Amino acid sequence: MTIQRQYVLPNCSLILEGLSTDASNVLSILANAEFKIVGVETSLQGGSEFFKALIVAVSAYCQRLLSGFEHPEHMASQASLVAVEPEAGQYHRLILKPEILDDIARESLANSEGKTLQLSTVQLFDMAEAIDQFYADNQTLPDFSVKLAPLPRRYVRAAEPLAQRVTPPLLGFGTLAVAALGLFFLPVPELAEPEGLDAQNPAALEETLPDATDDAPPDAVDDASPNEPATADATTPDAQAPDDAATVSPITDGAQLAALQQQLQQQISGELSEDATFDQSLNYQVSVTQNGDIVAYDPLDTASLEAIDSTPLPGLTYIPTGDAIAESVAQFDVTFDPDGTVNVLSDQLVAPDVVAPDVVTPDVVTPETETDPSSSDADQELTNGDASDDTPEEATSEATSTLPSDEPTGDAADSASPVAIAPEDLDPFVATSIQDLDRIYDLNEELRRTIVDTRSTDWTGPELRYRVRLDDDGNITGYEADNAPAEQYADEFKLPSLVTAAPTEKPQLDFLVVISDASVVEVNPWDGWP
Amino acid sequence: MTVKSPPEKPVRPPILEKLPNYGIQSDECPRRAKTQLDFIMLAVEALDLNASQLMLAAIRDLGLQNILKSRVHLWRLRSTNPLRKFNQRQPLTLEESKALVLVVCYLCRKLTVLIRQLFLGYQQLQDQQLSLDHHFRLAKYLKRFRSHFRARMNPKRAMVLTYSTDEKLDELALSLLTQLLLCTGTRGEERLWTSLFDGEVS
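Residues numbered from 1 in each chain as written. Chains lettered and ligands numbered in written order. Predicted model: local features only at pLDDT ≥ 70, side-chain atom pairs only at ≥ 80, totals over all residues. Heavy atoms only, no water.

J.: Would you mind going over the overall build of chain B with me for this structure?
T.: Per the secondary structure count, chain B includes 9 helices and 0 strands. Secondary structure elements of chain B, listed N to C terminal, follow the sequence α-α-α-α-α-α-α-α-α. A burial count over chain B gives 53% of its 202 residues as buried. Considering only contacts in chain B between residues 6 or more positions apart, those separated by 24 or more positions represent 75%. Split by element, the accessible area of chain B, about 10,100 Å² in all, is 54% carbon and sulfur. (Helix = DSSP H or I, 4+ residues; strand = E, 2+ residues; numbered from the N terminus. Buried < 20%, exposed > 50% of the residue type's maximum accessible area, 1.4 Å probe, protein only. Contact = heavy atoms within 4.5 Å. Areas by Shrake-Rupley, 256 points an atom, 1.4 Å probe, with all protein chains shown as cover.)

J.: Sorry if this is basic, but what is going on with the nonpolar core here?
T.: Note on soluble globular proteins: their nonpolar side chains tend to be buried together. With 110 residues, the main nonpolar core has Phe51(A), Leu138(B), Tyr141(B), Phe145(B), Phe149(B) and Leu177(B) as its most contacted residues. Looking at this core element by element, the count peaks at 11 residues for helix H1 (residues 48-67) of chain A. When sequence neighbours within four positions are dropped, the list of residues in contact with Phe51(A) reads Leu14(A), Leu16(A), Leu30(A), Ala33(A), Phe35(A), Phe134(A), Leu141(A) and Phe144(A). By size, the runner-up hydrophobic cluster in this structure holds 24 residues, among which are Ile440(A), Tyr466(A), Leu495(A) and Ile515(A). (Core = buried A, V, L, I, M, F, W, Y, C linked by side-chain atoms within 4.5 Å.)

J.: Please explain the pairing of strand E10 (residues 329-336) of chain A as it appears in this structure.
T.: All names here are of chain A. Most of E10 is tucked away: 8 of the 8 residues are buried. A two-sided burial pattern is seen for E10, the buried positions comprising Val329, Gln331, Asp333 and Thr335 on one face and Ala330, Phe332, Val334 and Phe336 on the other. As paired strands, strand E8 (residues 282-289) and E10 are joined by 8 bridges and run antiparallel to one another. By the bridge assignment for E10, glutamine 285 is matched with aspartate 333. (Pairing = 2+ DSSP bridges.)

J.: Please clarify how the interface of chain A and chain B should be interpreted in this entry.
T.: Reports often express the size of an interface as the amount of accessible area lost when the parts come together. Contact with chain A, which involves 32 residues of that partner, is made by 28 residues of chain B. Per-residue buried area on chain A facing chain B is highest for Leu66(A), Phe125(A) and Pro150(A); these three make up 25% of the total on that side. Applying the counting criterion to the chain A and chain B interface returns 2 salt bridges. Salt-bridge contacts for Asp126(A) lead to Arg116(B); the nearest nitrogen and oxygen are separated by 2.5 Å. Where chain A touches chain B, the interface holds 17 residue pairs in polar contact (both at pLDDT 80 or more). Among the elements that line the side of chain A that touches chain B, the one with the most residues is helix H3 (residues 121-136) of chain A, at 9 residues. Its residues placed into classes, the side of chain A that touches chain B shows 18 nonpolar, 10 polar and 4 charged. (Buried area = accessible area lost by both parts, 1.4 Å probe. Salt bridge = Lys/Arg side-chain N within 4 Å of Asp/Glu carboxyl O. Polar contact = N/O pair within 3.5 Å; in protein donor to acceptor, adjacent residues only side chain to side chain. Nonpolar A, V, L, I, M, F, W, Y, C, P; charged D, E, K, R; others polar.)

J.: How should the pattern of salt bridges be read in this particular structure?
T.: Once the charged atoms of two side chains with opposite charge are near each other, the side chains can pair. Summed over all chains, the structure comprises 19 salt bridges over all chains. A salt bridge links Arg93(A) to Glu85(A); the shortest N-O distance between them is 2.6 Å. Since its relative accessible area comes to 23%, Glu85(A) is described here as partly exposed. Connected via shared salt-bridge partners are Asp38(B), Glu45(B), Arg78(B), Arg84(B) and Arg152(B).

J.: Just checking my understanding: could you explain the sheet that holds strand E5 (residues 82-86) of chain A for this structure?
T.: Two orientations exist for strands paired in a sheet by backbone hydrogen bonds: parallel and antiparallel. Residue and element names in this part refer to chain A. The sheet built from 3 strands is open, its strands ordered E5-E6-E7 with antiparallel pairing. The open sheet is flanked by E5 and strand E7 (115-120), the only strands paired with a single partner. Across the sheet, the mean angle separating the axes of adjacent strands is 20° when strand polarity is ignored. One ladder, built from 6 bridges, connects strand E6 (residues 91-96) with E7; its direction is antiparallel. Note that in E7 the partner of arginine 93 across the bridge is glutamine 118. On top of the sheet, H1 reaches E5 and E6; it is set at about 25° to E5, its chief contact. (Axes fitted to C-alpha atoms, helices over the stretch in contact; angles between N-to-C directions.)

J.: Honestly, the sheet that holds E10(A) in this entry has me stumped. Any pointers?
T.: All names here are of chain A. Read across the open sheet, the 4 strands follow the order E9-E8-E10-E11; overall the sheet is antiparallel. Across the chains shown, the open sheet's two edge strands, defined by having one partner strand only, are strand E9 (294-299) and strand E11 (342-346). Put simply, the sheet's adjacent strands are angled 25° from each other on average, direction ignored. The pairing of E10 with E11 spans 5 bridges and is classified as antiparallel. If you follow aspartate 333 over to E11, its bridge partner there is leucine 345. Strand contacts of helix H9 (residues 254-271): E8, E9, E10 and E11, with the helix running at about 160° to E11, the strand carrying the most contacts.

J.: Quick question: what am I supposed to make of the packing of aromatic side chains here?
T.: To describe a pair of aromatic rings, you give the distance between the ring centres and the angle between the ring planes. Residue and element names in this part refer to chain A. Applying the stated criterion across every chain yields a total of 14 aromatic pairs over all chains. Judged by centre distance (5.2 Å) and plane angle (70°), the ring pair of phenylalanine 51 and phenylalanine 134 falls under edge-to-face. Placement of the pair is phenylalanine 51 in helix H1 and phenylalanine 134 in helix H3, with a sequence separation of 83 residues. Since its relative accessible area comes to 0%, phenylalanine 51 is described here as buried. According to the relative accessible area criterion, phenylalanine 134 is buried, its value standing at 1%. Ring centres 5.8 Å apart and planes at 80° place the aromatic pair tyrosine 284 and phenylalanine 336 in the edge-to-face group. Of the two residues, tyrosine 284 sits in strand E8 while phenylalanine 336 sits in strand E10, which places them 52 residues apart along the sequence. (Phe/Tyr/Trp six-rings, centres within 6.5 Å; stacked < 30°, edge-to-face > 60°.)

J.: I'm lost on unusual backbone geometry in this one. Help?
T.: You will see that Leu141(A), though not glycine, has its phi angle at about 40°, which is positive. In this structure, Gln129(B) is a non-glycine residue whose phi angle is positive, near 55°. Topologically, Gln129(B) is positioned in the loop between helix H5 (112-127) and helix H6 (136-152). Residue Gln129(B) is classed as exposed on the basis of its relative accessible area of 72%.

Structure, rendered in structure tokens:
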């Protein structure tokens, strides 16, 4: 018995004809399937194979419309009998291969390409809907199934073609390769030490080095190094000594050494606190530059090393900064005695000055200065009085008596240098200063005249500044150089010989003496006019 | 008060069983599915101004209140679309998306007549080579869709940027209209649901 099933939709009707294998009225054997599409003259007819191919393709194409991904089932290929492709706008193209068409339809074909139908979306949808209704009908061909399943990932073509996707990584690797090739031929840059660092450190060391390494015994050097960073660098390697000695020349000029010695003595005793006491005498080796800066010190024994902080030495040390220039240095032995006195001795002064004492001892000089500034009677009288009262010899002996007697070399050096005496006594402050304005004015004039008269020739050279101390009677009790050249040229103005009186309790006053490069002498009170 | 029965388990709506899981491991919908679902709902709204009310009614009719709890919840689920301006960085679970698919298809069936009319008009316009403006109802749909899209999508997104012109948006609206038509079918839910995972399963 033939069973016919119809699925009718507005634009398409599906008619299925077949047989039932049993009496259950279920269409189980398909004889003929026919799609009648409104607007298409010839209906699509075919057997089971045609029907199966058509429903798979149409169903898959519907999924393509929904998701936008091409499904292999509806694509035109060699194996597929039915294909559906999109056309412009809302049209779709249904392509049927000749193999699945019946004879009548095949004859009507103009070519062997197959039958092509143009379907609108609604027509296609009605076709799909007819298929779905058939699928939902349990009474018709229950063996036929139209499976719906998501498209596996492998069928999803990437949005960009392979060439485009591969380009960026290839370009990256290519650039890297080219860069690597180019850089391969470049020489490896050599590590350049920063020049500033290189030049600075040894220079700084050299300043403090040579004498310390030359004179100090290696043991003392080693002792000093761990505790004293300031000198440690300077004193460690013995091997460096020759190099450093070459760059730094010790000061050998006797006069300069003496001046430096005097300055150092002042510097240290000025800084030494009043109540400083030591259990035993402390010995240090001190390096001093031309302008009197202490650049290094080196304790000579363990006690000295331990007590270093109670001495003014660490505070006085001038630490070279920046581009230090190798300067010549002088070496002094500084001894702090338990009673608070400070002695400065120079090793190098010994030899040249052994002959010197007779020439410029203060006792010889002082009388000469007495006669020299004959312009001032008062001055003459005063100095004369002083000389008779208290002989310069005594003054000198007083000054030198502070030196330890157990060091003959230092004694000799000290007594040998005439300049060492007077400035030594110049305290930083005057105990009782002169207050009377008229007297200050007089003293000022007097001092100026003395200096003008005393100087040997017209001065041509750098500006010199001295601090000169006068007592109430007009006697020069001491002087002090205020700048480096002044120290050097003190002898030019016979300043050491002008010191005529020992400091007393009498009122005193400091004056600033400036000798300009044009040989003009200016004198003013040190603290200004009251 | 004595309780004689065990506490009620939340009943899973049996209607969801229509849609299989296809062996998807994670409970979260893929990005494209979120976008597509939201776009389709946007198209439904463009077809019918009252769509949001209809959606709530559909939820009640389908018995999906347990999953789509309220209007705000529905809005939050739609905002999981990564292209939205106020994108909720929340996952859209399979169950929620199934419910959304069912609701959309339910609405589409109610709108079948309108959708078919629009396609008929579209076909006529194309045959006569007229622009889309000549069909009043279709033009209205397209215009409404464009304004909805521009109002809700983040214009800084690269994908939204590709729809910057009216023509591109009309194209999108028409392809969505085709999808709506397919949703009206007998197996509409299944087809839409399956299409959401195209290219996402191994």
